[in-house]
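For reference, the chains in residue letters:
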Amino acid sequence: MPDGVIYLDGNSLGPLSRAARDRLREVVDSEWGQGLIGSWTEANWINLPARVGGKVAGLIGAEPQEVITCDSTSITLFKLLAAARALRPGRRVLLTDAGNFPTDTYIAESVADISPEAIELRQVRADAIIEAIDDETAVVSLTHVNYRTGAVYDMAAVTKSAHARGALVLWDLSHSAGALPVDLGACDADMAVGCGYKYLNGGPGAPAWAFAASRLHPNLAQPLTGWMGHQAPFEFSGRYEPAAGMRQMLTGTPPVLALSSLDASLDDVVDAGMDRLRTKSVALCELFIRQVEARCAGQGLALASPRDAVHRGSQVSFRHEDGFAVIRALLESKVIGDFRAPDIMRFGFAPLYTRFVDVWDAAEKLAEVLESGTWRDPRFSVRGAVT
Ligand SMILES: *Cc1c(COP(=O)(O)O)cnc(C)c1O
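Quantities reported herein were computed from a predicted structural model and do not represent experimental measurements. (Residues numbered from 1 in each chain as written. Predicted model: local features only at pLDDT ≥ 70, side-chain atom pairs only at ≥ 80, totals over all residues. Heavy atoms only, no water.)

**Quick look at the overall build of the chain**
Definition in use: Segments assigned H or I by DSSP are reported as helices when at least four residues long, segments assigned E as strands when at least two residues long, and all are numbered from the N terminus. In this description the radius of gyration comes from C-alpha coordinates, and the expected globular size is given by 2.2 Å times residues to the power 0.38. Buried means the residue's accessible area, taken with a 1.4 Å probe over protein chains only, is under 20% of the maximum for its type, while exposed means over 50%, and partly exposed covers the values in between.
Counting its secondary structure elements, the chain contains 11 helices and 13 strands. For a compact globule of 387 residues, the expected C-alpha radius of gyration is about 21 Å, and the chain comes in at 22 Å, within 12% of that figure. For the C-alpha atoms alone, the extent of the chain along its principal axes is close to 70 × 55 × 40 Å. Taken across its 387 residues, the chain has 55% of its residues classed as buried.

Okay, here's the thing in structure tokens:
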């Protein structure tokens, strides 16, 4: 971590690990630099999407052959959601919650738009999802941990209700994988997607991963059919024949540099183990809530995350009318959190590298910013392109 920085934004972009840096150097200097095109086989680049997928599988309760990594979360979500919809012909509703991450909603809209059948995207409140699932529901598409508040869905309960009505569920685990234990197998989950650059630390733009339960593989069909998803890409056949299993989820050439750093950074998460990481994550979040509420009372903060850790991911969010300016002022004290419109100050506690002393100091610095009112300086209200 850069000197003096308290990094509470690993839920947005995980930091650079030694493992990822060393691996990138090796891939650049040796595999690409010296091995050139031969590295597709010599360095086994061609199997990176499946190999990295297999590593992710261990973190989410999936079988290795049920996960593959390749494109961004948005594109992967598009492919999976379209594939899920196609598995439920005749049903005309895609269901999501109104607070879902924007890309998830936009992608669901495009899946509905290009569907050969008339499909409606229905958005309801998160607490009304289960009762909104009916016999018209093709797919329920939800983000497991809400990006604003950190509120967690009961994956087993939602999945069970959906299955009882004949619907499929697609979980976005962008704020779950590497943050809290997930057991897709035990929940009998259908499909899932998740981000590679948040709690998995794969680096900016690292690819996402896709999960589909083995029982769905024989009938899986996704719309972005490219040569890498062909059963024999190097026969250069004029006719598309999908590869078996998750390999057909691939479209184009895998991003080898980004996949390599993700491959290396995943080892740290796997070695630490999700149960130990979760125990620490809960303790970090509880300490932060306790410290902030004790030190910042009367300063206009309201806890936006569930108070009960069972219902909370690995982040703590507070609402504040001028949350944007407060977060910017806090940056000057080298505490990096982020802001999510309209009024959420978001603090991610990635348990792999966040220390208890960081939590203690961050709460102290937040109290200083609020008490001194430094955030009122107009320069803290100037918004950049990325918040
Ligand atoms: C971070 C995040 C994404 C990111 O999508 P990209 O296509 O990788 O930019 C998507 N969905 C959710 C819920 C996220 O938290």
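Having put the structure on the table, let's press on.
**Thoughts on the environment of L303**
Cut-off, in case you're wondering: When checking whether two residues touch, look at their non-hydrogen atoms; a contact exists if any pair is within 4.5 Å.
Secondary-structure assignment places L303 in strand β9 (residues 302–303). Taking the C-alpha atoms as reference points, L303 and L287, 16 residues apart in sequence, are found 13 Å from one another. In this structure L303 touches I289, E293, V316, S317 and F318, once residues within four positions along its chain are discounted.

**Remarks on the packing of aromatic side chains**
Condition: Aromatic contacts are taken between Phe, Tyr and Trp rings whose centres are within 6.5 Å, Trp giving its six-membered ring; a plane angle under 30 degrees counts as stacked, one over 60 as edge-to-face, and the others as tilted.
Counted under the stated rule, the structure contains 10 aromatic pairs. Plain terms: the ring middles of W227 and F234 are 5.3 Å apart, the flat faces sit at 65° to each other, and that makes the pair edge-to-face. A relative accessible area of 36% places W227 in the partly exposed class. Under the relative-accessibility criterion, F234 is labelled exposed at 53%. Between W227 and F236 the ring centres are 5.9 Å apart and the planes differ by 25°, which places this aromatic pair in the stacked class.

**Here's the deal with the pairing of strand β5 (residues 137–143)**
Convention followed: The pairing criterion is simple: DSSP has to find at least two bridges between the two strands.
Among the seven residues that make up β5, seven are buried, leaving the element largely enclosed by the rest of the structure. Strand direction decides the pairing type here: strand β3 (residues 93–97) and β5, joined by three bridges, are parallel. Looking across to β5, one finds that V93 is bridged to T137.

**Digging into unusual backbone geometry**
With an omega of 5°, the peptide bond between A341 and P342 qualifies as cis. Mapping P342 onto the fold places it in the loop between β12 (338–340) and β13 (344–348). For L36, which is not glycine, the phi torsion reads 50° and is therefore positive. Looking at where L36 falls in the secondary structure, it is placed in the loop between α1 (18–32) and α2 (39–42). The backbone of N201 sits at a positive phi, close to 60°, despite the residue not being glycine. Its location among the elements puts N201 in the loop between β7 (191–194) and β8 (209–212). Relative accessible area serves as the criterion here: at 7%, N201 is assigned to the buried category.

**Considerations on the site of the ligand**
Selection rule: By convention in these notes, a residue is near a molecule or strand provided one of its non-hydrogen atoms lies within 4 Å of it. Polar contact is defined as a pair of N or O atoms within 3.5 Å, subject to the rule that within protein one atom must be able to donate a hydrogen and the other to accept it, and that residues adjacent in sequence are counted only when both atoms are side-chain atoms. Here the open area of atoms and residues is found with the Shrake-Rupley method and a 1.4 Å probe, where only the protein chains shown may cover a residue. Under the scheme applied here, ten amino acids are nonpolar (Ala, Val, Leu, Ile, Met, Phe, Trp, Tyr, Cys and Pro), four are charged (Asp, Glu, Lys and Arg), and all others, including Gly, are polar.
Surveying the vicinity of the ligand reveals the residues S72, T73, S74, F101, T103, D104, T143, D172, S174, H175, Y197 and K198. At 2.9 Å from a nitrogen atom of the ligand is found a side-chain nitrogen or oxygen belonging to D104. At a separation of 3.1 Å, an oxygen atom of the ligand approaches a polar side-chain atom of Y197. If the ligand stood free it would expose 390 Å²; the protein chains cover 87% of that surface. Contributions of two or more residues to the shell around the ligand are made by α4 (73–86) and α5 (102–114). In the shell around the ligand, the residues fall into two nonpolar, seven polar and three charged.

**Description of the pattern of salt bridges**
Spelled out, the test is: The salt bridge definition used is simple: a Lys or Arg side-chain nitrogen within 4 Å of an Asp or Glu carboxyl oxygen.
One pass over the full model with this rule turns up 27 salt bridges. Close ionic contact of E371 with R295 constitutes a salt bridge, the shortest N to O distance being 3.7 Å. Of this pair, E371 sits in helix α11 (residues 356–372) while R295 sits in helix α9 (residues 274–295), and the two are 76 residues apart along the sequence. Under the relative-accessibility criterion, R295 is labelled partly exposed at 29%.

**With respect to the domain arrangement of the chain**
Worth spelling out the cut-off: As annotated, the domain borders come from an automatic or database domain assignment. Here the buried area means the combined drop in accessible surface, using a 1.4 Å probe, for two parts upon being joined, counting both sides.
Looking at the assigned domains, one finds that the chain contains domain 1 (18–272) and domain 2 (273–377). The straight-line distance from the C-alpha centre of domain 1 to that of domain 2 is 29 Å. Both faces combined, the contact of domain 1 with domain 2 buries some 1,800 Å², and carbon together with sulfur accounts for 58% of it. Connecting domain 1 to domain 2 are zero salt bridges.

**Some thoughts on the packing of α1 against helix α8 (residues 256–272)**
Note the following rule: Note on geometry: axes are lines fitted to C-alpha atoms, helical ones only across the stretch in contact, with angles between N-to-C directions running from 0 to 180 degrees. In this scheme the crossing of two helices becomes right-handed for a clockwise turn of the near helix relative to the far one and left-handed for an anticlockwise turn of less than a right angle.
Between α1 and α8, the least distance of the axes is 8 Å, while the angle of their chain directions is 145°. For the element pair α1 and α8, the recorded crossing hand is right-handed. Across from A19, A20, R23, L24, V27, V28 and W32 in α1, the residues of α8 making contact are V256, L257, S260, S261, D263, A264, S265 and D268. In the contact of α1 with α8, the residues fall into nine nonpolar, three polar and three charged.

**Regarding α5**
So the rule is basically this: Multiplying 1.5 Å by the residue count of a helix minus one yields the expected span of that helix.
Counted at 1.5 Å a residue, the expected span for α5 with its 13 residues is 18 Å, and the 19 Å between its end C-alpha atoms agrees. Within the span of α5, buried status applies to T103, D104, T105, I107, A108, V111 and A112. Close packing links the buried residues of α5 with α4, β3, β4 (120–124), β5 and β6 (168–172).

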